[in-house]
Amino acid sequence: MTTAQDLDVTPTPLALLLLGREADPSSERGVDCPGDLPAPSDPGLVERARAAKERLGEKVFVLGHHYQRDEVIQFADVTGDSFKLAQQAAARPEAEFIVFCGVHFMAESADILTTDAQAVVLPDLAAGCSMADMATAEQVAECWDVLTEAGVADATVPVSYMNSSADIKAFTGRHGGTICTSSNAERALEWAFAQREAGAGKVLFLPDQHLGRNTAIRDLGLAPGDCVVYNPHRPNGGLTAEQLREAKMILWRGHCSVHGRFSLDSVNEVRERIPGVNVLVHPECKHEVVSAADQVGSTEHIIKALDAAPAGSKWAVGTELNLVRRLAKRHPDKEIVFLDRTVCFCSTMNRIDLPHLVWALESLADGKLVNRIEVDKETGHFAELALERMLALP
Ligand code: SF4
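Just so it is clear, the structure is predicted and the values come from calculations on it, not from any experiment. (Residues numbered from 1 in each chain as written. Predicted model: local features only at pLDDT ≥ 70, side-chain atom pairs only at ≥ 80, totals over all residues.)

## What about the pairing of strand β6 (residues 156–161)?
Part 1: β6 sits mainly inside the fold: six of its six residues count as buried.
Part 2: Of the two faces of β6, the one carrying Thr 156, Pro 158 and Ser 160 and the one carrying Val 157, Val 159 and Tyr 161 are both buried.
Part 3: With three bridges connecting them, β6 and strand β7 (residues 178–180) associate as parallel partners. Bridge pairing links Tyr 161 to Cys 180 in β7.
Part 4: Tracing the backbone out of β6, into helix α6 (residues 166–174) and back to the parallel element β7 gives a crossover that is right-handed. (Buried ≥ 20, exposed ≤ 12 C-beta atoms within 10 Å, placed from the backbone. Helix = DSSP H or I, 4+ residues; strand = E, 2+ residues; numbered from the N terminus. Pairing = 2+ DSSP bridges. Right-handed = clockwise from strand over helix to strand, strands pointing away.)

This is the structure in structure tokens:
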């Protein structure tokens with residue numbers, strides 16, 4: 001039987017733009033797309049994806065993130081958030097190829113948690129995450145130097161959101177910190193503060209300032225003044241040593257380009273437009289949006305809340321549009337609308353489309369391993385340490 005190791009792996013150093021055509025060498029990651037992508041207009045795409053998946057049988061396991069397009073989700077063996085999907089991949093050691101329909105950091109996490117005999121494939125390597133890209137390894141190392149210079153590094157425990165690169169997860173593992181998801185951020189922060197003498201600890205929260213701030217203020221009862229924002233584009237993060245010494249939460253200046261778009265105006269406007277509406281938002285939204293909402297929760301929480309909602313109830317949902325549309329279709333007895341009037345997909349997530357999925361599956365079925373995501377051993381080791389701390393959270 002052919003294994004992932006036996007296959008011809010083509011290194012793919014350049015950036016992929018729309019549908020794999022052209023290259024952007026200044027992009028952080030991405031590839032030239034070896035081979036021909038099928039045309040999006042090809043009427044046989046669904047059949048081709050089905051046939052390639054059938055040829056691969058048990059050797060392939062397709063993961064679909066909740067924010068993926070319907071045309072891709074229909075081929076997912078399992079759907080979920082990034083951490084659940086990485087765990088599902090690890091629970092299927094017989095699957096040699098994990099095709100991850102999500103974004104780059106998610107595929108990295110899957111590679112960290114799966115065995116060396118499994119290859120994780122991202123159908124379009126240009127599917128990155130703008131939030132994860134807002135914290136690079138160099139910037140974070142520089143930030144740690146600034147904290148050291150200010151005399152606060154020893155008191156600081158890093159907590160990194162799952163939506164970060166393997167490098168940032170490894171930094172977190174090396175410095176005694178943990179990873180968190182939007183479901184366990186409260187427990188992660190409590191754990192981090194408990195690692196230092198009562199009242200003396202600080203958290204460096206990466207890379208999403210909104211999740212960090214919302215969790216600190218809403219769940220832990222910290223004051224807005226306990227939080228400072230470290231801007232990697234300004235000398236010393238734009239903070240004085242005194243500000244760093246006084247802060248409890250040092251928030252990295254990163255955000256999600258999808259959830260960061262919702263505003264207080266969106267909430268006020270929808271309440272006026274749909275009387276009696278329940279506003280349900282993701283904690284990656286700005287603090288003012290989260291404060292004005294009726295419910296706040298992770299993607300999994302949003303799905304469960306809408307599944308459990310009574311018929312006839314009205315909901316305005318502040319998360320990625322593909323998911324909101326799917327939930328609205330799944331619950332025709334409830335009124336479910338997108339929180340904002342402007343459409344807002346996650347553009348990088350949307351790069352994974354049916355032509356790319358067909359191309360990846362057919363390449364694998366033809367014995368050619370493409371777009372493999374591999375995290376180097378040392379980075380993987382420390383990133384896994386941080387992930388294990390998350391799994392051990394009380
Ligand atoms: S929705 Fe936001 S956090 Fe998620 S992949 Fe897209 S940009 Fe990144």
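Next comes the rest of the description.
## Re unusual backbone geometry
Part 1: Residue Leu 206 is joined to Pro 207 through a cis peptide bond whose omega torsion reads -25 degrees.
Part 2: Inspection of the secondary structure assignment puts Pro 207 in the loop between β8 (202–206) and α8 (209–219).
Part 3: One non-glycine residue, Asn 371, adopts positive backbone phi at about 50 degrees.
Part 4: Relative to the elements of secondary structure, Asn 371 occurs in the loop between β15 (368–369) and β16 (372–373).
Part 5: The class of Asn 371 is buried, set by 29 C-beta atoms lying within 10 Å.

## Here we look at the confidence of the model for the chain
Part 1: Confidence along the chain averages 91 in pLDDT terms, with 91% of residues attaining 70 or more.
Part 2: Segment residues 1–32: pLDDT under 50, and 63 contacts once partners within four positions in sequence are set aside and those in other chains are kept. (pLDDT = per-residue confidence, 0-100. Contact = placed C-beta atoms within 7 Å.)

## Focus on the nonpolar core
Burial of nonpolar side chains together is a common tendency in soluble globular proteins.
Part 1: The biggest cluster of nonpolar side chains holds 118 residues, and the ones touching the most others in it are Ile 98, Phe 100 and Val 121.
Part 2: Per element, the largest residue contribution to this core is seven residues, and it comes from helix α14 (residues 354–365).
Part 3: Once residues lying within four places of it in the same chain are set aside, the contact partners of Ile 98 are Phe 61, Leu 63, Ala 89, Ala 110, Thr 114, Gln 118, Val 120 and Val 121. (Core = buried A, V, L, I, M, F, W, Y, C linked by C-beta atoms within 7 Å.)

## Section: helix α12 (residues 299–308)
Part 1: When we look at burial in α12, the residues that qualify are Thr 299, Ile 302, Ile 303 and Leu 306. Seen from one end, α12 has its buried residues packed into an arc of 100 degrees, which puts them on one side. Turned more than 90 degrees from where α12 packs its buried face, Lys 304 and Ala 308 sit exposed.
Part 2: Considering only its buried residues, α12 is in contact with β11 (278–281), β13 (314–318), α13 (321–330) and β14 (335–338). (Arc of directions from axis to C-beta.)

## Section: the sheet that holds β6
Strand-to-strand pairing in sheets goes through backbone hydrogen bonds, with the strands running parallel or antiparallel.
Part 1: Ordered by their spatial adjacency, five strands build an open sheet running β7-β6-β8-β10-β9, and the pairing between neighbours is parallel. Sheet topology places β7 and β9 (227–230) at the edges, where each strand pairs with a single neighbour. Neighbour to neighbour, the strand axes of the sheet diverge by 25 degrees on average, direction disregarded.
Part 2: Pairing geometry for β6 and β8, over five bridges, is parallel. Paired with Val 159 across the two strands is Phe 205, which belongs to β8.
Part 3: α6 rests against β6, β7 and β8 of the sheet, and its axis sits at about 150 degrees to β6.
Part 4: Contacts from helix α15 (residues 377–391) reach β6 and β7 within the one sheet, and its direction differs from that of β7 by about 65 degrees. (Axes fitted to C-alpha atoms, helices over the stretch in contact; angles between N-to-C directions.)

## A word on the packing of α6 against α15
Part 1: As a packed pair, α6 and α15 sit with axes 7 Å apart at the nearest point and diverge in direction by 65 degrees. Overall, the two elements α6 and α15 adopt an arrangement that is roughly perpendicular. Seen from above, α6 lies across α15 with left-handed handedness. Contact residues: Ala 166, Asp 167, Lys 169, Ala 170, Thr 172, Gly 173 and Arg 174 in α6; Thr 379, Gly 380, Phe 382, Ala 383, Leu 385, Ala 386 and Leu 387 in α15.
Part 2: Residues of the contact of α6 with α15, tallied by class, amount to seven nonpolar, four polar and three charged. (Parallel < 35°, antiparallel > 145°, perpendicular 65-115°, else oblique. Left-handed = near helix turned anticlockwise from the far one by under 90°. Nonpolar A, V, L, I, M, F, W, Y, C, P; charged D, E, K, R; others polar.)

## Observations concerning the environment of Ile 250
Part 1: Looking at the element boundaries, Ile 250 is found in strand β10 (residues 249–252).
Part 2: Judged by C-beta crowding, with 26 C-beta atoms within 10 Å, Ile 250 ranks as buried.
Part 3: When the C-alpha atoms of Ile 250 and Asp 219 are compared, they prove to be 16 Å apart, with 31 residues separating the residues in sequence.
Part 4: Excluding residues that lie within four positions of it along the chain, Ile 250 makes contacts with Thr 156, Lys 202, Val 203, Leu 204, Phe 205, Val 228, Tyr 230 and Leu 244.

## Some thoughts on the pairing of β11
Part 1: Bridging between β11 and β13 involves four bridges; their strand directions are parallel. Bridge pairing in β13 places Asn 278 opposite Trp 315.
Part 2: Handedness of the crossover is the feature at issue here: the chain leaves β11, passes through helix α11 (residues 287–292), returns alongside strand β12 (residues 295–296), and the resulting connection is right-handed.

## Here we look at the environment of Asp 77
Part 1: Tracing the chain through its elements places Asp 77 in the loop between α2 (70–73) and β3 (78–80).
Part 2: Between the C-alpha atom of Asp 77 and that of Ser 257, which follows or precedes it by 180 residues, the distance is 28 Å.
Part 3: When neighbours within four sequence positions are excluded, Asp 77 is seen to be in contact with Phe 61 and Val 62.

## Looking at the sheet that holds strand β5 (residues 119–121)
Part 1: The strand order β3-β2-β4-β5-β16 describes an open sheet built from five strands, whose pairing is mixed. Two strands close off the open sheet at either side, each with one partner strand: β3 and β16.

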